[in-house]
Each structure stands twice: as C-alpha cells, then as structure tokens.
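A closer look at the structure
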Amino acid sequence: MGAMILANISSMMSFGYISLYLADLGAGGSDIGTVFTITSLVPLVLQIVGGWLSDSIGRLKTIAIGSVAGVIGAIGLWLAPSWEWTILAIGIGSISMALVGPSFSSFIADQTEEENRGKVFGITQSLYQVVGVVGPPVGGYIAQNYSYKSMYFVSMLLYSVAAIVRIWMANSLKFNTENNEKPTVQSFKKSIKTLVGLILSGGVVTWMFLADGTSDIAIRLSDSLSTIFQQEIGGQSIQEIGLLTSIQAVVMMIFNIPGGWLSDKFGERVGISIGFFLFATCFFIFIPATEFWQYALAWIISGIGASLLMPAYESLISKMVPEKMRGIAFGFFRSTLGIISFPAPLIGAALWERYSPQTPFLFTAYMMIVVGIVSWFKLNIPKNGIGQSESPLDGVS
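Below or above, wherever it landed, is the structure these notes cover. (Residues numbered from 1 in each chain as written. Predicted model: local features only at pLDDT ≥ 70, side-chain atom pairs only at ≥ 80, totals over all residues. Heavy atoms only, no water.)

Description of the overall build of the protein chain
Within the protein chain, the regular secondary structure consists of 19 helices and 0 strands. The C-alpha radius of gyration of the protein chain comes to 20 Å, within 12% of the 21 Å expected for a compact globule of 397 residues. Seen through its principal axes, the protein chain has C-alpha atoms that stretch 55 × 45 × 35 Å. Put simply, the protein chain has 397 residues, and 56% of those count as buried. Excluding contacts between residues fewer than 6 apart, the proportion of contacts in the protein chain whose partners are at least 24 apart in sequence is 86%. (Helix = DSSP H or I, 4+ residues; strand = E, 2+ residues; numbered from the N terminus. Rg over C-alpha atoms; globule rule 2.2 N^0.38 Å. Buried < 20%, exposed > 50% of the residue type's maximum accessible area, 1.4 Å probe, protein only. Contact = heavy atoms within 4.5 Å.)

Okay, here's the thing in structure tokens:
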C-alpha cells in the first residue's frame, strides 16, 4: 500500500496535468484528443494480459514488471522534446497501469471475506486517496513556480523509488508467498472463454460490462478536457485546479468507507446507481461554474459519487467470477476503456471545437443518468445469490 501511494502521488502529479503539459509543448485541442485516443490502445490489450499474468505468476511479480514500464514512461515524459514524443512515453507508462491495476484489486479480494469485501475496498481506497490530496497541489506548485519539466522530473524520482520497493517485495520470500504457475496460451484461452460466456449469458456480468463500457465512453469524452476547461473557460489557475482535485480526494477519503459499508449492507447496485446519478449532478454544476467554490461543490459531489460507486463495483466483480480468475476479470472489465471508448477523447475534442466547450461535458452528464437507471434495474441481485446466479460459473475449476 505504501508503494502504491508513492507511485500514484507521482501519477497524480504527472497525468493530472498532462493536458496542460501537452498544450505547453504546442499541442492544440484536437492534438490532445489524438494523444489520449492513441495511447488508449495500450490498455486495449494489456489490461487483459496483465490480469492473466497476475493469476498465473502472482500479484506481486506482475506489479513489479509493470513498475519497470512505469519508470521508463516517467523518464520519457520528463525528457519529451515535443508533444508528439509524449505518445510513446504515455503508451509505455500505460503498461504499468495495465499490469498493476488488476493485480492490486485482485490482491485485495484474495485477502478478504465476501461479506466484508465492500468495506475493505472502501478502506483501502480511502487510504489510497492521499495521492489525490498530496499529488495535485505539489505538482501544481512545482509547475507554476518552476516548470512542467521540473514537475515531471520530481514525478519520475518518486515513481522510481516506488518501483524499487515493488521489485524488492516481488523477489523477497518474506512478502512473495503467492503461487507461481507457468502462464500458457491454453490457460489464457480457457479464462477468456469463461469470461465471454459470462458476458453473453444475459445476467449481471452482461449488464456490468455494458454499464462499464458506456460509463467509460462518457468519462473519456470530457476527462482529458476538464483541466483546460477549468483554466480557459472557468479562469482557474494551475494551483486552484490542483486544489480542486485535492478537495475531491479528501471527500473520497471520508466517504469511501461508508460507501463500502453501504455496498455490504444493501447490495452493490445501490452504491453503483446513486454514484452515477451524483456524477451527472456534478457536471450540471461544473458546466456553468465561474467561481472556485462552484467548482469545489461539483468536485465534492463527484467525490461522494465515486466513493459510493467504486467499492461496490469492485466488490461485485470479485464476487461474480472464480477466485483464480479475478486478475483477468478485473483486467477484462478495465480493458473496455480501450475497447469501447477508444475514439471517445477524439470525439470529445471534436465536440469542443465544432459546437462548444460545454458540449462534451453535457454528453457525459446525460450518459451517466442513463447508466444509473440501467444499473438500478439490472444489477438488482439478491445478496445471497451473488456468485450462483450465472450458470457459466458452474464447473469452472
């Protein structure tokens, strides 16, 4: 957890300002959309592979491998001479996210009982939110008072320290007590076949997949443009933008644990649905905002929504697949970010330029409402029935 926090303070410093960094390197609005669209190709494939590796060689070893790619990507962002070069750096850095993300979520699920899983996800995500409290304001301070290059240098150093810790843990018998199986093409095909069966079954996993894909499209339509919107339309400074992200992170630190408790008490669909509705509310406040306090209110509501949604969503995924397939399941679901939402940043940039800067954010808000309604009706599974309601799970060993 300490290594995760250190690595992601680095990530929040770097990727939190990536749109502004690209603009500083000479990129326009459509160029920024192009960068985010092209780099989303990496998770398109590697989140699935990363989750499968996690199931095969172990969670810690997969995290260590991903961290090496993260260091290379961080160095590339720091040294990038032009915005075109950042495509390669971000692409390599995305390998880290593709391998670490599914492995870490699976590790948490492996260590918890089903009836407490939502709370445990909530607790770990609350601790994790320190990255949003520390990273953005520190990154904003360095960028504003020194330069973006200085900020990316500090980010690279922090990630390198985290990578060293992860590699040490993966190679130390004191920590790495996981099974180590040889990954084979046959085991990969078997896992994919089982997951496809779950998705095509028409049950909970099907609707989770559709909700995940639609929400990914909605978020990526506007996500890469939000910092530019706050700066150019809302008149917020770099440090104010970083402070807003920190406010959101503090809110998530407070509400993640209650969000996990709500998931365990009343079922995952409650937190998931309400979370999507709150996201939509956030954007309806964000779009016309002109003052810092208005943006802060939008981000507070967004933080509450994320706190309700995230523990519930990860808990539900972990319950709907066999334990030995959790890694590839988390990777498979997260890969929808690349599969379904691949052109979304480019579309969002086109909506910005052709219609108005507000248009992509309006699309995001309305799509969140639709996903919230669908989640309420289609993820309503009896609490004791989770894990037994999908026939493709039967007989999986």
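A word on the nonpolar core
By size, the foremost hydrophobic cluster in this structure holds 45 residues, and its most contacted members are Leu195 and Met208. For this core, the elements supplying multiple residues, two or more each, are helix 4 (41-57), helix 6 (83-110), helix 10 (185-199), helix 11 (204-222), helix 14 (268-286), helix 15 (292-320), helix 16 (326-334) and helix 19 (359-378). For Met208, the residues in contact, after removing those within four places along its chain, are Tyr313, Leu316, Ile317, Met320, Phe333 and Leu379. (Core = buried A, V, L, I, M, F, W, Y, C linked by side-chain atoms within 4.5 Å.)

A few points about the pattern of salt bridges
Under the criterion given, the structure shown has 1 salt bridge. Note that Arg59 and Asp55 form a salt bridge whose closest N and O atoms lie 2.8 Å from each other. (Salt bridge = Lys/Arg side-chain N within 4 Å of Asp/Glu carboxyl O.)

Re the side chain of Gln248
Looking at the element boundaries, Gln248 is found in helix 13 (residues 238-266). Those residues within four positions of Gln248 in sequence are excluded, and the remaining contacts are Trp299, Ser302 and Gly303.

Structural notes on the packing of aromatic side chains
Scanning the entire structure with this criterion turns up 15 aromatic pairs. Taken together, a centroid distance of 6.2 Å and an interplanar angle of 75 degrees make the contact between Phe283 and Phe286 edge-to-face. Of this pair, Phe283 and Phe286 both sit in helix 14, 3 residues apart, roughly one helical turn. For Phe286, a relative accessible area of 0% corresponds to the buried category. Here the guanidinium or amino end of Arg269 rests over the ring plane of Trp376, the centre of that ring lying 3.8 Å away. (Phe/Tyr/Trp six-rings, centres within 6.5 Å; stacked < 30°, edge-to-face > 60°. Lys NZ or Arg CZ within 6 Å of the ring centre and 35° of its normal.)

Quick word on the side chain of Ser10
Of note, Ser10 is situated in helix 1 (residues 2-15). At 2.7 Å, the side chain of Ser10 forms a polar contact with the backbone oxygen of Ser155. In this view, Ser10 contacts Ser155, Met156, Leu158 and Tyr159; residues no more than four positions away in its chain are not counted. (Polar contact = N/O pair within 3.5 Å; in protein donor to acceptor, adjacent residues only side chain to side chain.)

Remarks on a nonpolar patch on the surface
Nonpolar side chains collect at one region of the surface, where Met1, Ile123, Leu127 and Ile257 lie side by side and expose about 330 Å² of accessible area between them. Note that Met1 resides in the segment before helix 1. (Patch = residues over 30% accessible without salt bridge, like charges linked within 9 Å, V, L, I, M, F, W, Y side chains within 5 Å. Areas by Shrake-Rupley, 256 points an atom, 1.4 Å probe, with all protein chains shown as cover.)

Some thoughts on the environment of Pro343
Examined against the element boundaries, Pro343 turns out to sit in the loop between helix 17 (336-339) and helix 18 (344-354). With a relative accessible area of 37%, Pro343 lands in the partly exposed category. Along the backbone, Pro343 and Asp24 are 319 residues apart, and their C-alpha atoms lie at a distance of 24 Å.

As for helix 16
One turn of an α-helix holds 3.6 residues; hence residues three or four places apart share an orientation. The element helix 16 is largely enclosed, with a buried count of 8 among its 9 residues. Turning to helix 16, its buried residues number three or more, namely Arg326, Gly327, Ile328, Ala329, Phe330, Gly331, Phe332 and Phe333.

Quick look at the environment of Val185
Relative to the assigned elements, Val185 resides in helix 10. Along the primary structure Val185 and Gly16 are separated by 169 residues, whereas in three dimensions their C-alpha atoms are 37 Å apart.

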